[in-house]
Structures are given as C-alpha cells and as structure tokens.
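Listed here are the chains, written in short residue letters.
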Amino acid sequence: MTKFASGAATDVGQVRQVNQDNVLIADDVFAVADGMGGHRGGEVASLVAVEALQESFHERTTDALVDAVQSANAAIVERAKGDPELRGMGTTMCALARVTLDDGEECLTIVNVGDSRAYLLKAGEQELFQISEDHSLVQTLVRQGQLTQAEAAVHPQRNILTRALGIDQKVLPDSFDLLPVKGDRYLLCSDGLFNEVEETRIAEVLLTLTDPQAACEELVRLANEGGGRDNISVVVVDITDDAGHHTMLEARSDEHRVVQIVHGTDRAAEQVRAATVAAGAAGTAAATGPGANGSGPGGSTVIIEAPVIPGPPGAAAAPPATAPPGPVPVVASNKSTFTWRVALFLLLFVGVFAVAAFAINWMGTNSYYVGIDNSEVVIFQGRPGGFLWYQPKVEQRTQIAESAVPAEFQADVAKGKTEPSLQEAVAYVARMRAGIPTTAPPTTGTSLPAAGGTSTTAVPEAVAGNILGGAVSGGPVSTLPVSSTTTTTKP
Ligand code: MG
C-alpha cells in the first residue's frame, strides 16, 4: 500500500488581518483551501470546504473524491443561504488522496478547483512540475496565447478566478490520476506561496529539507520574507512506499506519473451524455457541449479573490489588463429545469401578450373617420394612415363629391375626421351634407337630395340605405333635417 509522510503550515502573512486559508491533513487525503469573500466569508468557506471534504470522502476512488468536492461546494452554498453576511463567499480547493482505480491499481488523485496548486518534485529530479491547472482569467489568456506565463504571474488581474467552490450549485473540478512513486514529493499550496516565492526557490527548499514539516515552515517563512501580501498555506506529502509502482513506472516510461486527466468540463459533458442516453433521448448533442476540449474557463461565474496587493517598487510592470472572456455556460445539468417560477413567468408572458394583442386590435378596428376616397367623401373603419398592420377600409360611401364638401369641413375631411363610432361618423356626414348648397355639383351618375330642402325622386335606394337608413336609427342624426326630409320623401 502507498504510504505517506506529510507536513503542513498556514499563515496569515504580513498584510492581511485574517487567515482565510485552511488546510486538511488526514490519513490519505490532503487539501488546501483558499477562501474569499468579504467580512468573515472567506475563512468560513475554506473551513466548511475542508470539513465537508473529509466527511464525505468515503469510497476511495477518483469519482468519490470529485463527489466529495461537489459536496463541499454544496455545503458552502447551503451555509451561505442561512447567513446574509456570508453571501458570495467561496474558496479554492486543491486536494490529493490515495484511491483505487477500476482495474484495482492504487493511485493518487489530485482534484482541483480554483488557483491553489499541486506540484510534483519527482524522485531524483531537481525541477518542479505543476500538476494542476489554474482556473483563473490569466491562465485562460495564457491558453489562448494572449499572455505568457511570466506575464500572467504579475498580471494585476491574476486574482480573478473562473471557478471556485460556493458560487454555483454545481462546480467543475479537474482530476488528475497519478502513479505513486517512492521518493516523489507533492506540494499543495495557496497562491500566497507561489506569488511570493519563485518556483526554483521552492524546489530548492523541497530538495534541501527532507522533513516535510520543516519544508512547509521554511516555505511559509520565505513567502513572508518576500512580502507576505496574502495568506500562505503549504502541505507537503512524501511518498514513502509505493507498493511496487516504481518498477511499473520504469516499464511504462511515464514521465510525469500521469495516468489520466479529466477536465471538469469533459466530466460534466459526459454526465449529460450518459443521462441523455439513459433517458432514451435521441442524439448525443450534450456530448459536444461547451468546453468539451477542456480548454475553456468551464465555469458559469467569474469570481474575484481579494485584490492583489501591489508589489514593491521596481517589480515587473504588469501588462495591460485584458477584458475577461464572456462567461461560458455550463452544461444543462447545472441548471434547474422547469419550476413554478418558470410556469408563472410563462403565464404572465402569455397574459401580457393577449392583452396587448386585444388592445392593438381594438385600436386598429374600433374607430371610424370621414375622409376622401376617389374624390368622394367616405366613412372609413380604422385610423387615418392606419395603425400598425391595420389599414383603414371603406365602411360606407356617401356619394358626396370631394369638391362639394363645405369649406368648414374641408380641412378635417382632408386629414380624416376621426369619430368614436360609426353613428358619430354618419352624423358628421349628415351635418356636412346639410351645409352643401342645393346647387352643389352631384357626384358622378347620382342625383342627391338637396340638404335641408325637398327631396327628389332621384335618391337611389342604396344611397338612402347607406347614409340615412338603419345606420342612423336612434342616433343623433335622426334629429337633423336632412335625415327627416329624406326619409319622409322616400318612395
Ligand atoms: Mg490567496
């Protein structure tokens, strides 16, 4: 069985008032958590994270360690719900544990969320190898070729994370399975170490001090010496027995001990794909979901750690800040599905839409105006010039020639005299007709009665019916002379 020797140290540093980091050292699981969030949120988040990790890591497998990190995430989210002062708190998590793979092989697994790091100093070698990949804005820009690692190391926005525990209901941890090799030394640390101490100097300490606890304390001392502008946490894990893996490794010539790397985005996409298949749904679109190549930020939220405290005068000039990439949507499984809130929203939406449609229809059709069509006065249904997609249509023709319109009516009729109802429009036409002199020219082909005068037998049935018939029954026009005159003289 793989065996360990370990040490740990955590320190508030030289500037901050509170240590928001927490570390975990148990029999076969180790972790560093770097909390963030105003007031006391950060220290609570990192503590809840390491406690939840230890409590929920039972079955010694890679998936179980990933699940334990998910449980830690859920525990932070739940804790924040009950205390407004803790809202928005979060933490990084970098954990190492002994696990057993599906084939029965004993392995080490490192699970990472955020920008705390796991390094490996291989037995007999001098150089540190960074295992974990930072979930930070600058690391995303490095992957995209917009920044070099050296520029990222001093970038003013290097504290912006793209993933952290406690921010969303689900989180996407990366996992790294590695062969344990006797003599290898692993280092877990928060950014308070590697932002203050060069990696080459860290390697020197790890090579020099064989006692893991002494190495941890020396690294913390160096970080404080370098400025101590952040909290500093260090865990050193030595592989003291590898159960024969050393020989296996030589046979495999596996340079970095890496058996398997699974990015959180890939794992989430695979879970969605499996769920889709299980549900019998056609297609596997989810398998090609966002971040399937594992290179994207892979989180739905950008999290900002406590601001980076500026370095001493003369420190390397930071490159210009680059706008963070847009949030990358997480796969659908990260989002809650149909809820009563969604139903209520849809209901309201449909209701508002129906009311708006009714109002538009009413506005478009429930009004009349008197205007001109083909040089003839007519009553239109609708509004002058139309309303949205409702165009006015001729409701009644009057047989009054445009040229016969009395002067006092001409301006209104020219632009369209709006009336609230058909009856009112008919009444308006009757008043107009009353103002037409008996010598007014008739419209083409039709002889109309002189307004206010004695009707003639030339009034056509259709004209009488349109203007003076049922349309005015009971309306104001019935009291007008033109109405009574014409009606009484109808044949
Ligand atoms: Mg930190």
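Preceding this section is the structure that the text describes.
This is a predicted model, so every value here is computed, not measured.

### Things to note about a negative patch on the surface
Together, Glu59, Asp63, Asp67, Asp102 and Asp103 give the surface a local cluster of negative charge. Checked against the element boundaries, aspartate 102 lands in the loop between strand E5 (93–100) and strand E6 (106–113). The exposed category is assigned to aspartate 102, whose relative accessible area is 86%.

### Quick look at the coordination of the magnesium ion
Looking at the metal site, the magnesium ion is ligated by Asp34 (OD), Asp191 (OD) and Asp230 (OD), spaced 2.1 to 2.3 Å from it. Counting gaps between the donor residues of the magnesium ion yields the pattern D-x156-D-x38-D. Taken together, the residues aspartate 34 in strand E3 (residues 29–36) and aspartate 191 in helix H5 (residues 191–194) connect sequence positions 157 residues apart. As far as burial versus exposure is concerned, aspartate 34 and aspartate 191 are alike and both buried.

### Focus: the packing of helix H6 (residues 199–208) against helix H7 (residues 212–225)
Contact geometry for H6 and H7: axes closest at 9 Å, N-to-C directions at 150°. When the axes of H6 and H7 are compared, the pair comes out roughly antiparallel. H7 is crossed by H6, and the crossing has right-handed handedness. Each of Arg201, Ile202, Val205 and Leu206 in H6 lies in contact with H7, whose residues at this interface are Ala215, Glu218, Leu219 and Leu222. Across the contact of H6 with H7, the residue classes tally to six nonpolar, no polar and two charged.

### Brief notes about the sheet that holds strand E7 (residues 117–121)
Strand pairing within a sheet occurs via backbone hydrogen bonds; the two strands may be parallel or antiparallel. Read across the open sheet, the five strands follow the order E1-E12-E11-E7-E8; overall the sheet is antiparallel. In this open sheet, the two edge strands, each paired with only one partner strand, are strand E1 (3–11) and strand E8 (128–130). Each strand axis lies, on average, 20° off the axis of its neighbour in the sheet, ignoring direction. Judged from the three bridges that link them, E7 and E8 form a sheet pairing that is antiparallel. Its bridge partner being in E8, leucine 121 is matched across the sheet by leucine 128. On the sheet, H7 packs against E1, strand E11 (185–189) and strand E12 (232–241) and is oriented at approximately 25° with respect to E1.

### A look at the sheet that holds strand E18 (residues 417–419)
The strand order across the open sheet built from four strands is E17-E16-E15-E18, with neighbouring strands paired in antiparallel fashion. A strand with exactly one partner marks an edge of an open sheet, and here the two such strands are strand E17 (393–401) and E18. Neighbour-to-neighbour, the strand axes of this sheet turn through a mean angle of 30°, independent of strand direction. Across three bridges, the pairing between strand E15 (residues 368–373) and E18 is antiparallel. From the neighbouring strand, valine 370 faces E18, where its bridge partner is lysine 417. Contacts from helix H11 (residues 407–415) reach E15 and E18, with the element oriented near 95° to E15. Helix H12 (residues 422–434) rests against E15, strand E16 (376–381), E17 and E18 of the sheet, and its axis sits at about 10° to E17.

### Digging into the packing of H11 against H12
Orientation of H11 relative to H12, taken along the N-to-C sense of each, is 145°, at an axis distance of 10 Å. The handedness of the crossing between H11 and H12 comes out as left-handed. In this structure, H11 uses Phe409, Asp412 and Val413 to contact H12, whose residues at the interface are Tyr428, Arg431 and Met432. Looking at the contact of H11 with H12 residue by residue, the class counts come to four nonpolar, no polar and two charged.

### Some remarks on the nonpolar core
Core analysis: the largest hydrophobic core is formed by 34 residues, its most contacted members being Val29, Leu53, Phe57, Met93 and Leu165. Counting residues per element, the ones that place at least two in this core are E3, helix H1 (41–56), helix H2 (62–81), E5 and E6. The leading source of residues in this core is H2, at eight residues. If near-sequence neighbours (up to four positions away) are discounted, valine 29 is found in contact with Leu24, Leu53, Phe57, Leu65, Leu96 and Ala97. Of all hydrophobic cores here, the second largest spans 22 residues; its members include Tyr119, Ile202, Ala223 and Val236.

### Focus on the state of the cysteines
Disulfides are covalent bonds that link the sulfur atoms of two cysteine residues. Summed over the entire model, instances satisfying the criterion amount to zero disulfides. Residue cysteine 94 stays outside any disulfide, its sulfur separated by 7.8 Å from that of cysteine 189, the closest cysteine.

### Some details on unusual backbone geometry
Phi at asparagine 374 is positive, roughly 55°, even though this residue is not glycine. A relative accessible area of 70% places asparagine 374 in the exposed class.

### Some remarks on the pattern of salt bridges
Following the criterion strictly, the structure yields 18 salt bridges and no others. For the salt bridge of aspartate 28 with arginine 98, the shortest nitrogen-to-oxygen distance reads 3.5 Å. Here the residue aspartate 28 occupies a position in the loop between strand E2 (21–25) and E3, and arginine 98 occupies one in strand E5, the gap between them amounting to 70 residues. There is no split in this pair, since aspartate 28 and arginine 98 are both buried. Measuring nitrogen to oxygen at the nearest pair gives 3.0 Å for the salt bridge that ties glutamate 225 to arginine 221. Of the two residues, glutamate 225 and arginine 221 both sit in helix H7, four residues apart, roughly one turn of that helix.

### Concerning a nonpolar patch on the surface
There is a patch of nonpolar side chains on the surface, built from Phe345, Leu346, Phe349 and Val350 and spanning about 430 Å² of accessible area. Note on placement: leucine 346 falls in helix H10 (residues 340–365).

About the thresholds
- Residues numbered from 1 in each chain as written.
- Predicted model: local features only at pLDDT ≥ 70, side-chain atom pairs only at ≥ 80, totals over all residues.
- Heavy atoms only, no water.
- Patch = residues over 30% accessible without salt bridge, like charges linked within 9 Å, V, L, I, M, F, W, Y side chains within 5 Å.
- Areas by Shrake-Rupley, 256 points an atom, 1.4 Å probe, with all protein chains shown as cover.
- Salt bridge = Lys/Arg side-chain N within 4 Å of Asp/Glu carboxyl O.
- Lys, Arg positive; Asp, Glu negative; His and termini not counted.
- Charge placed at Lys NZ, Arg CZ, Asp CG, Glu CD.
- Helix = DSSP H or I, 4+ residues; strand = E, 2+ residues; numbered from the N terminus.
- Buried < 20%, exposed > 50% of the residue type's maximum accessible area, 1.4 Å probe, protein only.
- Donors = N, O, S within 2.8 Å, 3.2 Å for Na, K, Ca; no water.
- Axes fitted to C-alpha atoms, helices over the stretch in contact; angles between N-to-C directions.
- Parallel < 35°, antiparallel > 145°, perpendicular 65-115°, else oblique.
- Left-handed = near helix turned anticlockwise from the far one by under 90°.
- Contact = heavy atoms within 4.5 Å.
- Nonpolar A, V, L, I, M, F, W, Y, C, P; charged D, E, K, R; others polar.
- Pairing = 2+ DSSP bridges.
- Core = buried A, V, L, I, M, F, W, Y, C linked by side-chain atoms within 4.5 Å.
- Disulfide = S-S within 2.5 Å.

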